[in-house]
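Survey of secondary and tertiary structure
Here is what each chain is made of, one letter per residue.
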Amino acid sequence: MNTIKRLQGLINTCLSDLVDLSGRYALLDFPNHYNIGDSAIWLGELAYFEQGRSRPTFVSEIRTYKEDRMLAAIGDGQIILHGGGNFGDIWPGYRQFREDMLTRHRGRPIVQMPQTIHFKSQENIDSTARAIEQHGNFTLLVRDKKSLEFARRWFQCEVRLCPDMAFCIGPVARPAPQHDLLLNLREDQEVGAPHDTSRAMARPNVVKADWPLEDEADYQRRTKRAAVVKALLRGNVGGRAKMTELTYRERAEQRFDRGVKLLSSAKQVITDRMHGHIMCLLLDADHCVLDNSYGKTSSFIEAWGTVNGERAAIVNSMDEALAILDGRKAKGREAFVA
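As the structure is a prediction and not an experimental result, all values here were calculated from the model.

**Re the packing of aromatic side chains**
Ring pairs (aromatic) are described by centroid distance and by the angle formed between their planes. Scanning the entire structure with this criterion turns up 13 aromatic pairs. With a centroid separation of 5.6 Å and 80 degrees between ring planes, the pair formed by Tyr65 and Phe97 is classed as edge-to-face. Pair noted here: Tyr65 is in the loop between strand E2 (58–60) and helix H3 (67–74) and Phe97 is in helix H4 (residues 94–104), with a separation of 32 residues, a long-range link. Taken as a pair, Tyr65 and Phe97 share a single burial class, namely buried. Measuring from centroid to centroid gives 6.4 Å for Phe150 and Trp154, while their planes differ by 45 degrees, and the two rings are tilted. On the criterion of helical spacing, the pair formed by Phe150 and Trp154 is a turn pair, its members being four residues apart in helix H6 (residues 145–154). A residue is classified by how much of its surface remains accessible, and Trp154, at 26% relative accessible area, is partly exposed. By the ring-pair criterion, three or more aromatic residues cluster together here, those being Phe87, Phe119, Phe150, Trp154 and Phe155.

**Overview of the nonpolar core**
Grouped together as the largest cluster of nonpolar side chains are 53 residues, with contacts concentrated most on Leu15, Phe49 and Phe167. Those elements that provide at least two residues to this core are helix H1 (2–15), strand E1 (25–28), helix H2 (36–51), strand E5 (110–118), helix H9 (240–263), strand E10 (266–271), helix H10 (274–283) and helix H11 (296–304). When residues no more than four places from it in sequence are discounted, the contact partners of Leu15 are Tyr48, Met113, Leu141 and Met165. Judged by nonpolar contacts, the second largest core, of 28 residues, contains Met70, Phe87, Ile110 and Phe155.

**A short note on the packing of H4 against helix H5 (residues 122–135)**
Relative to each other, H4 and H5 sit at 25 degrees, their axes nearing to 9 Å. The angle between the axes of H4 and H5 places the two elements in the roughly parallel class. The handedness of the crossing between H4 and H5 is left-handed. Contacts between H4 and H5 pair Arg95, Glu99 and Leu102 from the former with Asn124, Ser127, Thr128, Ala131, Ile132 and His135 from the latter. Looking at the contact of H4 with H5 residue by residue, the class counts come to three nonpolar, four polar and two charged.

Rules used in this analysis
Starting afresh in each chain, residues are numbered from 1 along the sequence in its written order. In keeping with the model being predicted, local features are shown solely for residues with a pLDDT of at least 70 and side-chain atom pairs are shown and tallied solely at 80 or more, while totals for entire chains, interfaces and linings include all residues. Side-chain descriptors were evaluated using all non-hydrogen atoms of the structure, hydrogens and water having been removed beforehand. Aromatic pairs are defined between Phe, Tyr and Trp rings, using the six-membered ring for Trp, whenever the two ring centres lie within 6.5 Å; interplanar angles under 30 degrees are classed as stacked, those over 60 as edge-to-face, and all others as tilted. Under the scheme used here, helices are H or I runs from DSSP no shorter than 4 residues and strands are E runs no shorter than 2 residues, and both carry numbers assigned from the N terminus. When accessible area is computed with a 1.4 Å probe and restricted to protein chains, residues below 20% of their type maximum are described as buried, those above 50% as exposed, and intermediate ones as partly exposed. Here, nonpolar core means buried Ala, Val, Leu, Ile, Met, Phe, Trp, Tyr and Cys residues that are tied together by side-chain atoms lying within 4.5 Å of each other. Any pair of residues with heavy atoms lying within 4.5 Å of one another is described as a contacting pair. Lines are fitted to the C-alpha atoms to define the axes, a helix being fitted only along its stretch in contact, and any angle between axes, read from their N-to-C directions, falls within 0 to 180 degrees. For classification, angles of less than 35 degrees are called roughly parallel, those exceeding 145 degrees roughly antiparallel, those between 65 and 115 degrees roughly perpendicular, and all remaining angles oblique. The crossing is said to be left-handed when, going from far helix to near helix, the turn is anticlockwise and less than a right angle, and right-handed when the turn is clockwise. Think of it as three bins: nonpolar holds Ala, Val, Leu, Ile, Met, Phe, Trp, Tyr, Cys and Pro, charged holds Asp, Glu, Lys and Arg, and polar takes everything else, Gly as well.

Okay, here's the thing in C-alpha cells:
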C-alpha cells in the first residue's frame, strides 16, 4: 500500500499546476472496448478530478466525437486526452485523432495524460512531431523513462514523467480466491515471446485467461440503462453531457470489476499485462510479471519501482515465475506453522 500512496503523491505533484479543475474541460477518448486496463485508467482519471471536487464538462469516444458539442460544453477550457499505451502507431486511429485535435485547436491548452510511446514508422513520428510543434501549447505526460527520452528527442513540447493514472483508484478489496494460480496472458498484438505454459497448466487448480475479449450481449444498452437508474435514485439526472459521463463511468466500473474478479480468482497470478500488474498491486495480490512485445511493462516498473520482491516480481520466463511463486508459497506455509 505504500507504493500506491507514493505514486498517488507523485501524480498529484505532476498535475497540480497543469490540469485546471476549476473551470470547464473535456476528457476525450473514452475506452469503450474490452481492455480492462484502459477502464482502470479512466476511473483513475475521474478519481483524480474528484479530489478537486470536479468532473469533466464533456466526455467522448473517438468514434462519437462531435466538435460543436465539445465547444459548446467547454468554451475556452482545456482539452485532456485519456492516457494509456496508444501514443504511437501500433493501434490504428488514435494517432490520427490526436493529431486532428492538435491541428483544430492550436494554442488551446491540451494535456495528454500519461502514455507509453512506441512508433514503428519514422513517417508517423514526423507527422506527430509537426502537429505538436504547430499546436504550440501541448503537454505530454509519459509513464516511463524510455518514452521520456523519446519525446524529448522528437517533440517540441513540455514533457513530464508521471505514473499511470489507475493508481488514483487506490486499494481495492480482494474477494476470496477459488484457484491456486491464474495465468493472465495477452492474446493481442502486444504479446511478447511465446510463453511455455505446459508446466503451469499441468498443475492442479490452475486457470488461464486474458481480459475477456468482448463484452456481454446487450452491454451498451444495459449499462446505459443502469447509469440512468442510478442517476434517478440519487437525484443526479442531468443533460446529455452529464448522462454520457455517467454512462461511461458505469461501463468502466463494470469492466474494472470484471478484471478484479478475474485477478482475485486465484491465490497467485502470472501476468504479462501492465494493468494486470497494476491491478494486482491495488489488490495486494501475490504475482509475477512478464513483459509485453516492446518492453512497455518492464520500462514502467523500472521507472516507478513497483516490484518489491515480497508480493511482486518481474521475470523473464514462466519457469522463473513458477519458482518464485512456489518459494513464496513455501515461505508462507513456514510462517503459518511457526
